[in-house]
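Spelled out, the chains give:
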Amino acid sequence: VRFANGKLRLPDSLRFTMYRNRDTAHPRKRHRRILVSETERLCYVGHNFGSEVMKCNSLCRYFVGVLDKNSGQMEVYNAEIFNMQPLLSAAQLLCASHSCLVPLAWSKNDFLHSCMLRGTAGEGSTVSPGWRLSRGCGGWESLTECHCPSAALAGWCFNVCFSLVQMDLCIEAFGTSKQKRALSSRRMNAVGSDIVSTAVTKAAANVIDAKGVTALMQDMAQDDVQSISAFLPPCHEDADRPEHVYKFEDILSPAEYEALRVPAAALANVSAEETAKRAEERSHCSFVLEELKFLPTDERSRDHKARCLWFLDTLIRFSHLKVIKKKHPMGPECPHIISRKLMKNFTSLTYNNGSIQNLISASMKAKITAYVIVLALHINNFQTDLTVLQNDMKLPESRILDIAKALRLRVSKAKGVPGLENDQNHKLGTLSLPLPMQKAPEGQRKRRKMN
């Protein structure tokens, strides 16, 4: 363990209690643990799940070695690091089904001897030395042993109904010196709600006076923009050339680009007759079929464009899936590194019917669309037909326009390619410097008034 607010002087004096989730069938919950420890002044809590969990446990593995002095051999066990945070507030464990409030500031020993017990004990009933929280406590059970005498617990079914104030009064009157020190420490660290409310109101007024309402509204819009940017490729706003705004290496790494050499060779060597046949069979999306007609004659440029077209076509076909059930959803011809990239970067995990599945959610489809647009910009000299991509991605026009504006593109009207749908009302997206100001989506559009 690691304590967030300092180091221990006497680590041997601490006692730890480990809790695990009772839902052992759930693939995620069965690994969740809560670690609780108590000192003379404070209680500490650490867990291996949630937003505040330490990242080091997911980046590498930890082991603990136990050396047997007699045999000279060491046994190695898996380990996790817990970041113990001080429990400054009056945190409690609420047992809804038994109406009990158990403050974490009390040890199990003090709690079991100080609670008001009611019920009857059956003759011959026994209690196991390992104690468990009641079934209403969110499904958590203890992994440590209870050191209370078995006679004090044998057969009792108890309900505890203490409010925090009543518990504090009991501690002041009958508590041990250790409990009184813990109570005093909690009260010193507690801040009254009225003081907090007054301080927040005063701070808000000072901020409004200092920055003004207009600046605060701009900050809020910037926060919305940053939340949108989480699904966009990395944007380099200080770039001096359009190709450096969204770098090609952020779309395809050198290793991924090299892996596309073999599958893209068929596109690089395609003839005009084969292109016409693929167009009839609809074996590729409209964007790729149109670009195959204009492959460069230079071998290096032709190979580069073929790789980009193959990956763009794969992204578009991948976006049409809902739930990924196969190990290789894009077929055996797709390189392993590309399949892993698709599964890792463009799917979200969901739990369904006792198993974890990869799902292409609406946000993931928006992310795929953003990467498709950027890749199309690199293919077409940073100007692309958004309507063709919209039809290939099966998206409404408003959706792809929102994504294009979030990518800082300039959208204009253009005549589409003859033979495609809506060839008179195509939208053209252009990436040019300087980049336009980024705006957050305006939400629901105003309806047109009909005369």
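The preceding data block contains the structure.
About the thresholds
- Residues numbered from 1 in each chain as written.
- Predicted model: local features only at pLDDT ≥ 70, side-chain atom pairs only at ≥ 80, totals over all residues.
- Heavy atoms only, no water.
- Pairing = 2+ DSSP bridges.
- Helix = DSSP H or I, 4+ residues; strand = E, 2+ residues; numbered from the N terminus.
- Axes fitted to C-alpha atoms, helices over the stretch in contact; angles between N-to-C directions.
- Core = buried A, V, L, I, M, F, W, Y, C linked by side-chain atoms within 4.5 Å.
- Buried < 20%, exposed > 50% of the residue type's maximum accessible area, 1.4 Å probe, protein only.
- Contact = heavy atoms within 4.5 Å.
- Salt bridge = Lys/Arg side-chain N within 4 Å of Asp/Glu carboxyl O.
- Parallel < 35°, antiparallel > 145°, perpendicular 65-115°, else oblique.
- Left-handed = near helix turned anticlockwise from the far one by under 90°.
- Nonpolar A, V, L, I, M, F, W, Y, C, P; charged D, E, K, R; others polar.

Observations concerning the sheet that holds strand E15 (residues 410–414)
Part 1 of the reasoning: Overall, antiparallel pairing links the three strands, which are arranged E14-E16-E15 in an open sheet. Strands at the two margins of the open sheet, each flanked by one partner only, are strand E14 (383–385) and E15. Adjacent strand axes in the sheet meet at a mean angle of 30°, parallel and antiparallel pairs treated alike.
Part 2 of the reasoning: For E14 and strand E16 (residues 426–430), the ladder comprises three bridges, and the chain directions are antiparallel. Paired with Asp385 across the bridge in E16 is Leu428.

Thoughts on the nonpolar core
Part 1 of the reasoning: Core analysis: the biggest nonpolar cluster contains 60 residues, and Phe287, Leu312, Ile373 and Leu407 have the highest contact counts within it.
Part 2 of the reasoning: Of all elements in the fold, only helix H8 (248–251), helix H10 (261–268), helix H12 (286–291), helix H13 (299–319), helix H14 (336–345), helix H15 (362–379), helix H16 (386–393) and helix H17 (397–406) reach the threshold of two or more residues within this core.
Part 3 of the reasoning: Take this core: its biggest share by element is twelve residues, from H15.
Part 4 of the reasoning: Setting aside anything within four residues of it in sequence, one finds Ile373 in contact with Leu386, Leu389, Ile400, Ile403, Ala404, Leu407 and Leu409.
Part 5 of the reasoning: In this structure, Leu35, Tyr44, Phe82 and Met84 belong to the second largest nonpolar core, which totals seven residues.

Some points on unusual backbone geometry
Most peptide bonds adopt trans geometry, and most residues besides glycine take a negative phi value.
Part 1 of the reasoning: Backbone torsion omega between Leu433 and Pro434 reads -5°, so that peptide bond is classified as cis.
Part 2 of the reasoning: Tracing the backbone through its elements, the reader meets Pro434 in the segment after E16.

Some thoughts on the pattern of salt bridges
Part 1 of the reasoning: On inspection of all chains with the given rule, the structure shows nine salt bridges.
Part 2 of the reasoning: Between Asp303 and Arg307 there is a salt bridge, with the nearest N and O atoms lying 2.8 Å from each other. Taken together, the positions of Asp303 and Arg307, both in helix H13 and four residues apart, correspond to about one turn of that helix.
Part 3 of the reasoning: By relative accessible area, Asp303 is classed as partly exposed at 21%.
Part 4 of the reasoning: Take Arg307: its relative accessible area is 6%, and that puts it in the buried class.
Part 5 of the reasoning: With a closest N to O distance of 3.1 Å, Asp313 and Arg317 form a salt bridge.

What about the packing of H15 against H16?
Part 1 of the reasoning: Close contact between H15 and H16 brings their axes to 11 Å; oriented N to C, the two are set at 140°. Accordingly, the angle class assigned to the pair H15 and H16 is oblique. The two elements H15 and H16 cross, and the hand of that crossing is right-handed. Between H15, through Lys365, Ile368, Thr369, Val372, Ile373 and Ala376, and H16, the contact on the second element is made entirely by Leu386, Leu389 and Met393.
Part 2 of the reasoning: Looking at side-chain class alone, the contact of H15 with H16 contains seven nonpolar, one polar and one charged residues.

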